[in-house]
Amino acid sequence: MSLTLASSIESVDRVERAASDFAERAGFDEDTVPNIAMAVREAAVNAVIHGNAYSPDKQITATFETNSDSLVVRITDQGAGLDPGAVPDPLAPENILRGSGRGIFLIKAFMDEVHFRQLHPGTELTLIKHRVPAQPPA
Amino acid sequence: MSMKVATRQVDGVTILDLSGRITLGEGSVTLRDAVHDVLAKGSKKILLNLENISYIDSSGIGELVSGFTSVRNAGGELKLLNLTKKVHDLLQITKLYTVFDIWDNEASGISSFK
């Protein structure tokens, strides 16, 4: 499934709902689905605000895939590019009371893998959540 | 669902009963305006009741922090009441749980300002 959307808050909400529906259909449990949806939402927020800077001339895309091992979500923007290494650590004492800067931290907290790729222009974030194999009965 | 705010006074403490989502955009702005309105009216003891907050994102967390620092800079205190499990967990992983004064009983939260 793929969505191409305007750089708006409404698009962020739509991507979040799509992520929640997709993760639920993919069989993730009720505790994990909201976490996936939140991570995807934060990635979409980054794309809209920090990537495309709300530009009406730029769009974001969200693609959703599953395979036997994982759920894979890719969020792309058409902005100037993001250096993930330049994002301050929100847990550092000097940053703990900042009013922003926790989005990428939350994405990493809720997903198993997060990859950044520069598109020139733009950034692609790939978010991966692994399926937890069913445990055999004790 | 957008965020809604109901304000009440109990024993000199302003309680903001929040409901809905605190997210980027309307929810965060509503919270910011509500806290600033309370400060503008001279109240510096603020208890945010989060019992009916169904969802909060990083912008909402940031707005809680900004509210906390705004009130503190004005010489007051902003405390949190009745966290849902989701909000509790988010404050834990962002290491903000120990920054806020958090209560799960309204009467105790009100008394803590005295």
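As shown above, the structure is provided for reference.
Numbering of residues begins from 1 in every chain and follows the order in which that chain's sequence is written. To label them, take the chains in the order written and letter them from A, then take the ligands in the order written and number them from 1. Totals for whole chains, interfaces and linings use every residue, but because this is a predicted model, local features are given only for residues with pLDDT of at least 70 and side-chain atom pairs only at 80 or more, for both listing and counting.

### Describing the overall build of chain B
- Per the convention used, a helix needs a DSSP run of H or I reaching at least four residues, while a strand needs a run of E reaching at least two, with both numbered from the N terminus. When its secondary structure is counted, chain B shows four helices and five strands.
- Traced from its N-terminal end to its C-terminal end, chain B shows the element sequence β-β-α-β-α-β-α-β-α.
- Taken over C-alpha atoms, the radius of gyration is set against a globule rule of 2.2 Å times the number of residues to the power 0.38. Computed over its C-alpha atoms, the radius of gyration of chain B comes to 13 Å, within 12% of the 13 Å expected for a compact globule of 114 residues.
- With the C-alpha coordinates of chain B rotated into their principal frame, the extents come out at 30 × 25 × 25 Å.
- Considering only contacts in chain B between residues 6 or more positions apart, those separated by 24 or more positions represent 71%. For the purpose of contact definition, each residue receives a C-beta atom placed from its backbone, and two residues are in contact when these atoms lie within 7 Å.

### Re the overall build of chain A
- Across its full length, chain A holds three helices and five strands.
- When its helices and strands are written in sequence order, chain A yields β-α-α-β-β-α-β-β.
- Relative to the compact-globule value of 14 Å for 138 residues, chain A shows a C-alpha radius of gyration of 15 Å, a close match.
- With respect to the three principal axes, the spread of C-alpha positions in chain A is 50 × 40 × 25 Å.
- Put simply, 63% of the contacts in chain A that link residues at least 6 apart link residues at least 24 apart.

### Quick look at the environment of G60 of chain B
All names here are of chain B.
- Checked against the element boundaries, G60 lands in helix 2 (residues 58-73).
- Three exposure classes are used. Buried residues have 20 or more other C-beta atoms within 10 Å of their own C-beta, exposed residues have 12 or fewer, and partly exposed residues fall in between, all C-beta atoms being placed from the backbone. For G60, a count of 22 C-beta atoms within 10 Å translates into the label buried.
- Sequence separation of G60 and H36 is 24 residues, and the distance between their C-alpha atoms is 16 Å.
- Discounting chain neighbours no more than four positions away, the residues touching G60 are I22, T23, G27 and S28.

### Some points on the sheet that holds strand 5 (residues 102-103) of chain B
Residues and elements named next belong to chain B.
- By the convention used here, strands pair only if DSSP detects at least 2 bridges between them. Ordered in space as 1-2-3-4-5, the five strands form an open sheet in which the pairing is mixed. Since the sheet does not close on itself, it has two edges, and those belong to strand 1 (4-10) and strand 5, each with one partner.
- Of the pairings in the sheet, the one linking strand 2 (residues 13-22) to strand 3 (residues 45-56) comprises eight bridges and is parallel in character. Bridging across to strand 3, G20 finds its partner in I53.

### So, the nonpolar core
- If you look at the biggest cluster of nonpolar residues, it comprises 32 residues, and the most contacted ones within it are A19, I36, A39, V40, A43, A44 and I75 of chain A.
- Top contributing element to this core by residue count: helix 2 (residues 32-51) of chain A, with eleven residues.
- A set of buried residues drawn from Ala, Val, Leu, Ile, Met, Phe, Trp, Tyr and Cys, joined through C-beta atoms within 7 Å, is what defines a nonpolar core. The next biggest cluster of nonpolar side chains, apart from the first, holds 31 residues, and it includes V13, I53, Y55 and L78 of chain B.

### What to know about the interface of chain B and chain A
- Listed per partner, the contact involves 14 residues of chain B and 16 residues of chain A.
- When residues in the side of chain B that touches chain A are grouped by element, the largest group, seven residues, is from helix 2 of chain B.
- Side-chain classes follow a simple rule in which Ala, Val, Leu, Ile, Met, Phe, Trp, Tyr, Cys and Pro form the nonpolar group, Asp, Glu, Lys and Arg form the charged group, and the remainder, Gly included, forms the polar group. Taken together, the residues of the side of chain B that touches chain A break down into five nonpolar, six polar and three charged.

### Digging into the pairing of strand 4 (residues 77-81) of chain B
Residues and elements named next belong to chain B.
- Note that strand 3 and strand 4 share five bridges and pair parallel. Considered in strand 4, the bridge of N49 is made with L81.
- By the bridge criterion, two bridges tie strand 4 to strand 5 in an arrangement that is parallel. Bridge assignment links L81 to a residue of strand 5, and that residue is W103.
- Crossovers are marked right-handed if the path from the first strand over the helix to the second runs clockwise, as seen with the strands pointing away from the viewer. Traced from strand 4 through helix 3 (residues 85-93) to strand 5, the parallel crossover comes out right-handed.

### Here's the deal with helix 3 (residues 103-110) of chain A
- Listing the buried residues of helix 3 of chain A in full gives G103, I104, L106, I107 and F110 of chain A. On an axial view of helix 3 of chain A, the arc spanned by its buried residues comes to 160°, and they lie on one face.
- Where helix 3 of chain A is buried, its residues touch helix 2, strand 4 (113-118) and strand 5 (123-130) of chain A together with helix 2 of chain B. By construction, the arc corresponds to the directions joining the helix axis to the C-beta atoms.

### As for the packing of helix 2 of chain A against helix 3 of chain A
All names here are of chain A.
- In this analysis, axes come from line fits to C-alpha atoms, helices being fitted only over the stretch in contact, and the angle between any two N-to-C directions falls in the range 0 to 180 degrees. It is at 9 Å that the axes of helix 2 and helix 3 come closest, and there the two elements cross at 150°. When the interaxial angle is binned, helix 2 and helix 3 end up roughly antiparallel. In terms of crossing hand, the pair formed by helix 2 and helix 3 is left-handed. Within the contact between the two elements, helix 2 uses N35, I36, M38, A39, E42, A43, V45 and N46 and helix 3 uses G103, I104, L106, I107 and F110.
- For the contact of helix 2 with helix 3, the class distribution of residues is nine nonpolar, three polar and one charged. For classification purposes, angles smaller than 35 degrees are called roughly parallel, those larger than 145 roughly antiparallel, those between 65 and 115 roughly perpendicular, and all remaining angles oblique. The crossing is said to be left-handed when, going from far helix to near helix, the turn is anticlockwise and less than a right angle, and right-handed when the turn is clockwise.

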